[in-house]
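Here is how the chains run, residue by residue.
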Amino acid sequence: MVKIKNFKNGSNAFNFVFEEDIEADEIVLLKMPAVSSNKRGINDIGFMTDNNITLYATISSTPDIDDDKDWQEINAYDEINKTTSYIKIVNSSDTPGRVIIRAILN
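Q: Could you give an account of the pattern of salt bridges, naming the residues involved and the relevant values?
A: Applying the stated criterion to the full structure yields 4 salt bridges. Glutamate 19 is the salt-bridge partner of arginine 98, the closest N and O atoms lying 3.1 Å from each other. With arginine 98 in strand S9 (residues 97-105) and glutamate 19 in strand S3 (residues 15-22), the pair connects residues that are 79 residues apart, well separated along the chain. In this structure, aspartate 21 and arginine 98 form a salt bridge, with 3.2 Å as the shortest nitrogen-oxygen distance. Remark: arginine 98 occurs in strand S9 and aspartate 21 occurs in strand S3; sequence separation between them is 77 residues. With relative accessibility at 44%, the residue aspartate 21 sits in the partly exposed group. The network of salt bridges with shared partners includes Glu19, Asp21 and Arg98.

Q: Which residues make up the sheet that holds S9, and what are the values?
A: In spatial order, the strands read S2-S3-S9-S5; together these 4 strands make up an open sheet with antiparallel pairing. Each of the sheet's edge strands pairs with one partner strand only, and the pair in question is strand S2 (8-9) and strand S5 (42-49). Two elements, S5 and S9, share 7 bridges in a ladder whose sense is antiparallel. Each bridged residue has a counterpart across the sheet, and for threonine 49 the counterpart in S9 is valine 99.

Q: An account of the nonpolar core is needed here, citing residue identities and associated values.
A: Of all hydrophobic cores here, the largest spans 20 residues; its most connected members are Phe7, Phe18, Leu55, Ile87, Ile89 and Ile101. Listing elements by their share of this core, those giving two or more residues are S3, strand S4 (27-31), S5, strand S6 (53-58), strand S8 (86-91) and S9. Examining the composition of this core, we find that 4 residues originate from one element, S9, more than from any other. Setting aside residues up to four positions removed in sequence, leucine 55 forms contacts with Phe47, Thr49, Gln72, Glu73, Ile74, Ile87, Lys88, Ile89, Val99 and Ile101.

Q: Can you explain a negative patch on the surface? Please cite residues and give values.
A: Taken together, the side chains of Asp44, Glu73, Asp78 and Glu79 present a region of like negative charge at the surface. Structurally, the position occupied by glutamate 79 is in the loop between strand S7 (72-74) and S8.

Q: Tell me about the environment of lysine 31, residues and numbers included.
A: Assignment of secondary structure puts lysine 31 in strand S4. C-alpha of lysine 31 to C-alpha of threonine 84: the two residues are 53 residues apart in sequence and 9.0 Å apart in space. What lysine 31 contacts, discounting residues up to four positions off in sequence, is Lys5, Asn6, Phe7, Ser85 and Tyr86.

What counts, and where the lines are drawn
Residues numbered from 1 in each chain as written. Predicted model: local features only at pLDDT ≥ 70, side-chain atom pairs only at ≥ 80, totals over all residues. Heavy atoms only, no water. Salt bridge = Lys/Arg side-chain N within 4 Å of Asp/Glu carboxyl O. Helix = DSSP H or I, 4+ residues; strand = E, 2+ residues; numbered from the N terminus. Buried < 20%, exposed > 50% of the residue type's maximum accessible area, 1.4 Å probe, protein only. Pairing = 2+ DSSP bridges. Core = buried A, V, L, I, M, F, W, Y, C linked by side-chain atoms within 4.5 Å. Contact = heavy atoms within 4.5 Å. Patch = residues over 30% accessible without salt bridge, like charges linked within 9 Å, V, L, I, M, F, W, Y side chains within 5 Å. Areas by Shrake-Rupley, 256 points an atom, 1.4 Å probe, with all protein chains shown as cover. Lys, Arg positive; Asp, Glu negative; His and termini not counted. Charge placed at Lys NZ, Arg CZ, Asp CG, Glu CD.

Right under this line is the structure:
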């Protein structure tokens, strides 16, 4: 089962964070924060995950969760494209794993 989740707004309007444990064999589709007139776009995205978590990104506004052509894997030390629409978080192991993603808008 796929869950769709959103970032939580941090201490101010420009700091968004997603910090959760992802259950075993769970897939989460994380929608990037909406860009508005006072938040022109994503300035920076940082992430860290447990070893059993794999991240994927897409710039598609309507991605197919099962179509590999819509997703690009994000590896350790990669930069996430600042025009990303969604991040797919996949835990393919039999134990929960932690993921933290922070987006700073300018």
